[in-house]
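Each chain, letter by letter, is given below.
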Amino acid sequence: MRDRSENHFQQNKVAYLIYLVLVIGLVGFSSFQLYQFNQKSYRTLTTDVINLREGPGITYDIKSQIEGSTPYRVMRQENNWYYILFDNQEIGWIPTWMADSQTAEANQFIATTLVDEMDVYEENTEDAEIITTTAKDSKYQILYQAEGWVQLQLDGEIGWVKQTDIDITPGTIAYQQSTDITEEEQSSYDDFLSDYDYTVTTTADGVNIRDAATTDGNIITKAALNEQFAYLGQENEYYHVRAVDGTEGYIVNWLSESDSTAMADQAQAAEATSTLAGRTIVLDPGHGGIDPGALTDGLYEKEVTLQTALAVREKLEAAGVNVIMTRDSDTEVPLSDVAYTANQAGADLMISFHYDSTEGVSATGTTVYYYADGSIPVAEEVQAQLMEQSLLPSNGVKFGDFQVIRELQGEGMLIELGYMSNPSDVAIFSQESYWQQVADSIYNALTIYYQ
Ligand SMILES: [Zn+2]
């Protein structure tokens, strides 16, 4: 009996060792795949060095020069400019034509549309707005892949599609370089423009011409660098223009310039009444990716913070604010990146969005936290406006020692917008109407604060 039991033990030991080897192998393989995936989400430039600018245009200051071989990720796009984060933590703007005109590279992939009509979304979720629809067999450069969604470079903008709608092959697509206008084109412009007092000239390539003076306006067409238009008027941050072919639309004034001194005066007057426009504000939807934040049945804090911040972004962008998101999809943002992003951008303000959680179900309401005393006035204004909307009770403005606000050079706050642990709070803040009201509160608060 004794022999048999020892033998049995030996067999178990062998089985255990085989099991251990299998587990180690499997874990090792999956982390290798994860590593490879992360490598793919970064890209590199083929140029030796690139100018990193403060804003999306050649008129902005060069903040530093980066070696082209430094891996980077595209965070967002404005017209033909990418806001990018380099592997060395440098952050800034580069023109898309520097990033996309590169020759074939190992980590570059092309998407080919498999379906007759493929919807392209603004974000990597089905709730997001559909930007456009593309035909079967269209080809696009892949920028990024995440959780069944693929980010594509479209003509002058970026969009997300479902991975099931496309075929992925290695390769690159050459994008058209910006061209100077010919003499013939110039004379046709001159004939047309001579009938008008003032002209507007684009200062970037691929500038959107919209049907309304807001980022919500539909894009009618795009203008190349140095394209000229007749000036019809000004509305908000936009020039109302007429093209040589008679098309009318709106162009943002930071991607174009005009020869009218009268307009400069008008612009100054407009700026004096709305000093919110032109501000740089960083929005940080708390948590994300593998960090879900607080949980309640079927709802993650990371989802609600993102929806809230996106509503705020829309509202602020419409008011001419330069909004920078620390994330605009379900990705993880290291805590140290939040203040770093704001500091690098010289942001006027950073707002971090969170939803609270505690033991028990009775705790309720919103709390606005500041770290530096200099942030108290703006925090108080935001709290007052949240109270004005009276959706949830206010727990006031408090000092909070959180990393995302502690390391800020400028002003900032962390807002807890309700309790995940309180079912009646959840019933209110899981609604789109709540995110909208938060956006209105913040917009109202900042309009008052910056006046
Ligand atoms: Zn949180």
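Whatever comes next refers back to the structure up there.
Keep in mind it's a predicted model, so treat the numbers as computed, not measured. (Residues numbered from 1 in each chain as written. Predicted model: local features only at pLDDT ≥ 70, side-chain atom pairs only at ≥ 80, totals over all residues. Heavy atoms only, no water.)

**Notes on the overall build of the chain**
Selection rule: A helix here means a DSSP run of H or I that spans at least four residues, while a strand means a run of E at least two residues long, and both kinds are numbered starting from the N terminus. For the exposure calls, accessible area comes from a 1.4 Å probe over protein chains only, and a residue counts as buried if that area is under 20% of its type's maximum, exposed if over 50%, partly exposed in between. By the convention used here, residues are in contact when the closest approach between their heavy atoms is within 4.5 Å. The Shrake-Rupley method, run with a 1.4 Å probe, gives the accessible areas here. Residue values count only the displayed protein chains as cover.
A count of helical and extended segments in the chain gives 10 helices and 27 strands. Counting over 451 residues, the chain shows a buried share of 44%. Long-range pairs, those at least 24 residues apart, make up 66% of the contacts in the chain with a sequence separation of at least 6. Total accessible area on the chain stands at roughly 22500 Å², and carbon and sulfur atoms take up 48% of it.

**Overview of unusual backbone geometry**
Residue Asp137 is not a glycine yet carries a positive backbone phi of 70°. Along the chain, the position of Asp137 falls in the loop between β8 (130-135) and β9 (139-146). Asp137 sits in the exposed class, given a relative accessible area of 54%. With a phi angle near 65°, His287 is a residue other than glycine that sits in the positive phi range.

**Brief notes about the coordination of the zinc ion**
For clarity, the threshold we go by: Donor atoms (N, O, S) are those found within 2.8 Å of the metal centre, with the cutoff raised to 3.2 Å for Na, K and Ca; water is not part of the atom list, so apparent gaps in a site can occur.
In this structure, His287 (NE2), Glu301 (OE) and His354 (ND1) serve as the protein donors to the zinc ion, at separations of 2.1 to 2.2 Å. One chain supplies every donor to the zinc ion, and in sequence these donors are spaced H-x13-E-x52-H. Taken together, the positions of His287 in the loop between β20 (280-285) and β21 (295-296) and Glu301 in helix α5 (residues 301-318) put the pair 14 residues apart, joining distant regions of the chain. Under the relative-accessibility criterion, His287 is labelled partly exposed at 24%. Taking the relative accessible area as the measure of exposure, Glu301 reaches 3% and is therefore buried.

**Here we look at the side chain of Ser421**
Going by this rule: Polar contacts, as used here, are pairs of N or O atoms within 3.5 Å; protein pairs need one atom able to donate a hydrogen and one able to accept it. Residues neighboring in sequence count only if both atoms are side-chain atoms.
The residue Ser421 is located in the loop between β27 (411-419) and α9 (423-429) in this model. Ser421 gets classed as buried once you look at its relative accessible area, which sits at 14%. Side-chain polar atoms of Ser421 contact the backbone nitrogen of Thr358, separated by 3.1 Å. With sequence-adjacent residues up to four places away left out, Ser421 is seen in contact with Asp356, Ser357, Thr358, Gly360 and Val361.

**Topic: the sheet that holds strand β24 (residues 349-356)**
Worth spelling out the cut-off: Strand pairing requires that DSSP identify at least two bridges connecting the strands. For helices, the fitted axis covers only the stretch in contact; all axes are lines through C-alpha atoms, and the angles between them, taken along N-to-C directions, range from 0 to 180 degrees.
The strand order across the open sheet built from 6 strands is β23-β20-β24-β27-β25-β26, with neighbouring strands paired in mixed fashion. Of all the strands in the sheet, just β23 (322-325) and β26 (394-399) have a single pairing partner and so form its edges. Mean inter-strand twist for the sheet, computed between neighbouring axes without regard to direction, equals 20°. With 5 bridges connecting them, β20 and β24 associate as parallel partners. Along β24, the bridge assignment pairs Leu283 with Ile351. Contacting β20, β23 and β24, helix α6 (residues 335-345) runs over the sheet at an angle of about 170° to β20. Docked against the sheet, helix α7 (residues 376-389) engages β24, β25 (366-370), β26 and β27, running at close to 30° with respect to β27.

Nothing here speaks to function; it is all geometry.
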